[in-house]
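Spelled out, the chains give:
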Amino acid sequence: MEKMVNVFLFGKKYAVPASLTIMEAMEYSGYQLVRGCGCRNGFCGACATIYRIAGDRELKACLACSTRVEENMYVATLPFFPLVKSVYDIEKVKPNEQIMMQLYPEIYSCVGCNACTKACTQGLNVMQYIAYAQRGEYEKCADESFDCVMCGVCSTRCPAGISHPQVAMLARRLNGKYLAPECEHLNERVQEIMDGKYEKLIEDLMGKPLDEIKELYNNRDIEK
């Protein structure tokens, strides 16, 4: 018989198989997930979750889809966090330090506590990429924040009220628009897609069983 553990979902106790993720444990316990479940593979950041193990004072953050349950785990999900999202036209802004001062001035109130980095569900050095943004080093900020899934957990722990994911998004957009070298073969591929060159291929793929699609993916030719 499978090992069971006791978890507390939103304050209510449930016994669930120890092999389940937090998200699976919620469904096992009867919760119907209609939001905050996204891709279920750790890429979309929709299932940001906070938890504490009984007897441990540390409050931890994770993604519910990729974190296994533990004995006496107290769980609360964070399906949405109100990040500050400034409005701008990427065609009109420029990659200078002033644009960060204008759109996200709160980054200059960073106290260097590193709580954002400690909370990051992806293990990113969040405080470092904010420092790059402060200095207008957008290439470095874009690279350091590349794996951000916009879950917002870092911002929940920030005493300065910084919306780290939105700062990172602006840096990546500035880098892609103005700083990174233009990729000609990508432009050509986009144009081919717009021209409908791959529509028949996509239709054929959609008609194949999942196992065959996985086999094609795992044995594909990878461009060097």
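Everything below is about the structure printed above this text.
Below is a summary of the structure that appears in this document. In this text, all values refer to a predicted model and were calculated from it rather than measured experimentally.

Here's the deal with a nonpolar patch on the surface
Right, so step 1: On the surface, Leu186, Val190 and Met194 cluster together to form a nonpolar patch covering roughly 310 Å² of accessible area.
Right, so step 2: Position of Val190 relative to the elements: it lies in helix H8 (residues 184-194).

Some words on the sheet that holds strand E5 (residues 73-77)
Right, so step 1: Spatially, E2-E1-E5-E3-E4 is the arrangement adopted by the 5 strands of the open sheet, whose pairing is mixed. A single partner strand is all that each edge strand has here, and the edge strands are strand E2 (12-17) and strand E4 (60-63). Ignoring strand direction, the axes of neighbouring strands in this sheet form an average angle of 35°.

Comments concerning the pattern of salt bridges
Right, so step 1: Counting across every chain of the model gives 8 salt bridges.
Right, so step 2: A salt bridge links Glu192 to Arg189, with the shortest nitrogen-to-oxygen separation between them at 3.2 Å. With Glu192 and Arg189 both in helix H8, this residue pair falls 3 residues apart, about one helical turn.
Right, so step 3: The salt bridge involving Asp204 is made with Lys200; its shortest N-O contact spans 3.1 Å. Of the two residues, Asp204 and Lys200 are both situated in helix H9 (residues 199-206); the distance of 4 residues between them amounts to about one turn of the helix.

Here we look at the packing of helix H4 (residues 126-134) against helix H7 (residues 164-179)
Right, so step 1: Contact pair H4 / H7: the axes reach a minimum separation of 10 Å and the direction vectors enclose 50°. For the element pair H4 / H7, the angle class is oblique. Helix-helix and strand crossings are classified by hand; for H4 and H7 the assignment is left-handed. Side by side, H4 and H7 meet where Val126, Tyr129, Ile130 and Ala133 of the first sit next to His164, Pro165, Val167 and Ala168 of the second.
Right, so step 2: Here the residues of the contact of H4 with H7 sort into 7 nonpolar, 1 polar and no charged.

Calculation rules
Residues numbered from 1 in each chain as written. Predicted model: local features only at pLDDT ≥ 70, side-chain atom pairs only at ≥ 80, totals over all residues. Heavy atoms only, no water. Patch = residues over 30% accessible without salt bridge, like charges linked within 9 Å, V, L, I, M, F, W, Y side chains within 5 Å. Areas by Shrake-Rupley, 256 points an atom, 1.4 Å probe, with all protein chains shown as cover. Salt bridge = Lys/Arg side-chain N within 4 Å of Asp/Glu carboxyl O. Helix = DSSP H or I, 4+ residues; strand = E, 2+ residues; numbered from the N terminus. Pairing = 2+ DSSP bridges. Axes fitted to C-alpha atoms, helices over the stretch in contact; angles between N-to-C directions. Parallel < 35°, antiparallel > 145°, perpendicular 65-115°, else oblique. Left-handed = near helix turned anticlockwise from the far one by under 90°. Contact = heavy atoms within 4.5 Å. Nonpolar A, V, L, I, M, F, W, Y, C, P; charged D, E, K, R; others polar.

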